[in-house]
Amino acid sequence: LLGLTTNIAFWASAFLYLKITPSTYISYSAVNLPGSSTNANVSLPGIGQASYENISPYASSSSQDPRENYKFIAQSEPVLKAAAANLNMSLGEFGEPRIKVVDNTTVMTVEFKGTSPHEAQNKSLAFHKALEARLNQLRTQEAVRRDVGFQTGLNSSQKKLQIAQKNLSDYKASSGLNSDAQIKDLTTNIEELRRQRAEVLASQQQTSTRLQQLSANLKLSAPQATDAFALQTDQVFQQNLKNYSDASATIVVLESKYLPDHPILVSEKAKRDAAQSALLARSQLILGRPANLETIKTLNLSSSASGNSRELLLQQLVTVQADQKGLATQAQAIDEQINLLESRLKNLTQQESKLDALKRDMQVAEAVFSSTLTRLDIGKSNTFGSYPLIQILTEPSLPDAPTEPKKAYVYLGAVLGSLFSSTGFLLLWLRANKNKPSKN
């Protein structure tokens, strides 16, 4: 009776457990944390380079495993509360996932229990959605803090660039030096003027030699040639000269016929004297200074048979003298221009060093600003630095059979319990029969 009662109790307990214990379903899923690293380099011609590198989370030689960080985040209260809220459950009803890190891989497995297959799957789906949202939130917070730091550096470098640009433009406006090309052009102009000056001096030397030769041939200096040419072209002077010459010739003839007191000779001498006075007065008016008959005779171009040739030479002498004066004036003007440009070149050369320093300051400021701006832009695209992107390798499964209670285990336990208890009672009965006294 006791053995029977014990077996009934075992099987009654097993059936009661199977009846009152709710069925539990488990949804399985798996996620992967990629281990690859990425990098990018940007080259700014004439300015510099900017780069970023997204190092693999597994590249560290330490024992740190990024999957443990993700496991901690996945089991944190904000993630579980957000997932439970998506299913309109309390945190207690939602429960906690069972997360296992698979050794020697980059994989984590996630298990969620539910009272039905769909509840377990929905819990797992809500969990992955909440986990991804939490990771995005953490990435956004990190990006905001990083951008604040970059923006502070960007504002500082931008102010330095603006100051450098203003200093450079102000110095250009005050000094008149805008670029190195000005000094180069100025040097070229000075060399060109020096070449022109050399050519002018050579022409002037050639003209002076010719002027000396003409003066020697005419036995007149250049000023005398100018005076002779002025007298030659004056009609009044030439008429007075003709009158004087005619009167002088007539007197020579009359002196051979008459005595000095003869009235005709006296009258002719009076004409000669009048012509001489008019001649001297006209020559003084033309030349601007008193002149005597000897000077007029020297300057007279028609005083010899070769008057036409002499006149041509005299014209050449005057022309050459004018050319010489023009070349001298031109050489002087070129000298003045060279002196002026050399003085300006000296000033610009002294200012060039400061201009170069200001340009270098601006180039450095541009490089720093451009590099900072590029790093800021690249940093915005690198949103997975501290929190790498995760991949769902296995979507949450929809279980087709409950995992709890396990009927096979319950039945096996009941069978073993009945077997052990029956065996015990059987041995107890055999022992009792063996110890019973015999009737004989």
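Source: prediction; values computed, not measured.

## Describing the overall build of the protein
Consideration 1: A count of helical and extended segments in the protein gives 12 helices and six strands.
Consideration 2: For the protein, buried positions account for 31% of its 440 residues.
Consideration 3: For the protein, the proportion of contacts with a sequence separation of at least 24, taken over those separated by at least 6, is 76%.
Consideration 4: Total accessible area computed for the protein in this model is approximately 27,500 Å², and 55% of it derives from carbon and sulfur atoms.

## A closer look at the side chain of serine 124
Consideration 1: On the secondary structure map, serine 124 appears in helix α5 (residues 117-175).
Consideration 2: Here serine 124 falls in the buried class, since its relative accessible area comes to 0%.
Consideration 3: For serine 124, the residues in contact, after removing those within four places along its chain, are Ser27, Ser29, Phe112 and Pro396.

## Comments concerning the sheet that holds strand β1 (residues 25-32)
Consideration 1: Read from one edge to the other, the open sheet built from four strands follows the order β4-β5-β1-β6, with strand pairing classed as antiparallel. Of all the strands in the sheet, the pair left with one neighbour each is β4 (98-101) and β6 (391-394). Within this sheet the neighbouring strands show an average axis-to-axis angle of 30°, counted without direction.
Consideration 2: Of the strand pairs in this sheet, β1 and strand β5 (residues 107-114) are connected by eight bridges, and their pairing is antiparallel. In the sheet register, tyrosine 28 faces β5, and the bridge partner there is glutamate 111.
Consideration 3: Strands in contact with α5 are β1, β4, β5 and β6; relative to β5, the strand with the most contacts, it is inclined by about 135°.

## Points about unusual backbone geometry
Consideration 1: We note that asparagine 88 has phi near 55°; this positive angle belongs to a residue other than glycine.
Consideration 2: Take asparagine 88: it is sitting in the loop between α3 (77-86) and α4 (91-94).
Consideration 3: For asparagine 88, a relative accessible area of 72% corresponds to the exposed category.

## Quick look at the pattern of salt bridges
Consideration 1: Summed over the entire model, instances satisfying the criterion amount to 13 salt bridges.
Consideration 2: Measuring nitrogen to oxygen at the nearest pair gives 2.2 Å for the salt bridge that ties arginine 194 to glutamate 342. Of this pair, arginine 194 sits in helix α6 (residues 180-218) while glutamate 342 sits in helix α11 (residues 307-381); the two residues are 148 residues apart in sequence, bridging distant segments of the chain.
Consideration 3: Residue classification places glutamate 342 among the partly exposed residues on the basis of a relative accessible area of 30%.
Consideration 4: Where salt bridges share partners, they join Glu191, Arg194 and Glu342 into one cluster.

## Comments concerning the packing of aromatic side chains
Consideration 1: This structure, assessed with the given rule, holds two aromatic pairs.
Consideration 2: Every member of this aromatic cluster is reached through a ring pair, and the members are Phe94, Phe112 and Phe127.
Consideration 3: The ring centre of phenylalanine 94 lies 5.9 Å from the NZ or CZ of lysine 123, which sits over that ring.

## Remarks on the packing of helix α8 (residues 235-255) against helix α9 (residues 263-287)
Consideration 1: Viewed as axis vectors pointing N to C, α8 and α9 meet at an angle of 155°, and their least axial separation amounts to 8 Å. Accordingly, the angle class assigned to the pair α8 and α9 is roughly antiparallel. The way α8 lies across α9 gives a crossing that is left-handed.
Consideration 2: Its residues placed into classes, the contact of α8 with α9 shows 13 nonpolar, six polar and six charged.

## Remarks on helix α2 (residues 66-74)
Consideration 1: By the burial criterion, the buried members of α2 are Pro66, Arg67, Tyr70, Ile73 and Ala74. Down the axis, α2 shows its buried residues gathered within 115° of arc, on one side only.
Consideration 2: The inward-facing, buried residues of α2 contact α3, β4, β5 and α5.

## Observations regarding the environment of serine 27
Consideration 1: With respect to the element layout, serine 27 can be found in strand β1.
Consideration 2: Each C-alpha atom, one on serine 27 and one on proline 399, is 6.0 Å from the other, the two residues being 372 residues apart in sequence.
Consideration 3: Contact partners of serine 27, with chain neighbours within four places excluded, come to Val110, Glu111, Phe112, Ala120, Gln121, Ser124, Pro396, Ser397 and Pro399.
Consideration 4: At 2.6 Å, the side chain of serine 27 and the backbone oxygen of serine 397 are in polar contact.

## Points about a nonpolar patch on the surface
Consideration 1: A contiguous nonpolar surface patch, about 400 Å² in accessible area, is contributed by Leu412, Leu416, Leu419 and Phe420.
Consideration 2: Relative to the helices and strands, phenylalanine 420 resides in helix α12 (residues 407-434).

## Thoughts on the nonpolar core
Consideration 1: In this structure, Phe94, Met108, Phe127 and Leu131 are the most contacted members of the largest nonpolar core, which totals 22 residues.
Consideration 2: Among the secondary structure elements, those contributing two or more residues to this core are α2, α3, β4, β5 and α5.
Consideration 3: Sort the elements by how many residues they give to this core and α5 lands first, with six residues.
Consideration 4: Every residue in contact with phenylalanine 94, bar those within four places of it in the chain, is listed here: Leu80, Ala83, Ala84, Leu87, Met89, Phe112, Lys123 and Phe127.
Consideration 5: Ile190, Leu327, Ile338 and Leu345 belong to the second-largest nonpolar core, a separate cluster that totals 12 residues.

## Notes on the environment of leucine 211
Consideration 1: Within the element layout of this structure, leucine 211 appears in helix α6.
Consideration 2: Here the alpha-carbon distance between leucine 211 and aspartate 323, two residues 112 residues apart in the chain, equals 9.8 Å.

Conventions we followed
- Residues numbered from 1 in each chain as written.
- Predicted model: local features only at pLDDT ≥ 70, side-chain atom pairs only at ≥ 80, totals over all residues.
- Heavy atoms only, no water.
- Helix = DSSP H or I, 4+ residues; strand = E, 2+ residues; numbered from the N terminus.
- Buried < 20%, exposed > 50% of the residue type's maximum accessible area, 1.4 Å probe, protein only.
- Contact = heavy atoms within 4.5 Å.
- Areas by Shrake-Rupley, 256 points an atom, 1.4 Å probe, with all protein chains shown as cover.
- Pairing = 2+ DSSP bridges.
- Axes fitted to C-alpha atoms, helices over the stretch in contact; angles between N-to-C directions.
- Salt bridge = Lys/Arg side-chain N within 4 Å of Asp/Glu carboxyl O.
- Phe/Tyr/Trp six-rings, centres within 6.5 Å; stacked < 30°, edge-to-face > 60°.
- Lys NZ or Arg CZ within 6 Å of the ring centre and 35° of its normal.
- Parallel < 35°, antiparallel > 145°, perpendicular 65-115°, else oblique.
- Left-handed = near helix turned anticlockwise from the far one by under 90°.
- Nonpolar A, V, L, I, M, F, W, Y, C, P; charged D, E, K, R; others polar.
- Arc of directions from axis to C-beta.
- Polar contact = N/O pair within 3.5 Å; in protein donor to acceptor, adjacent residues only side chain to side chain.
- Patch = residues over 30% accessible without salt bridge, like charges linked within 9 Å, V, L, I, M, F, W, Y side chains within 5 Å.
- Core = buried A, V, L, I, M, F, W, Y, C linked by side-chain atoms within 4.5 Å.

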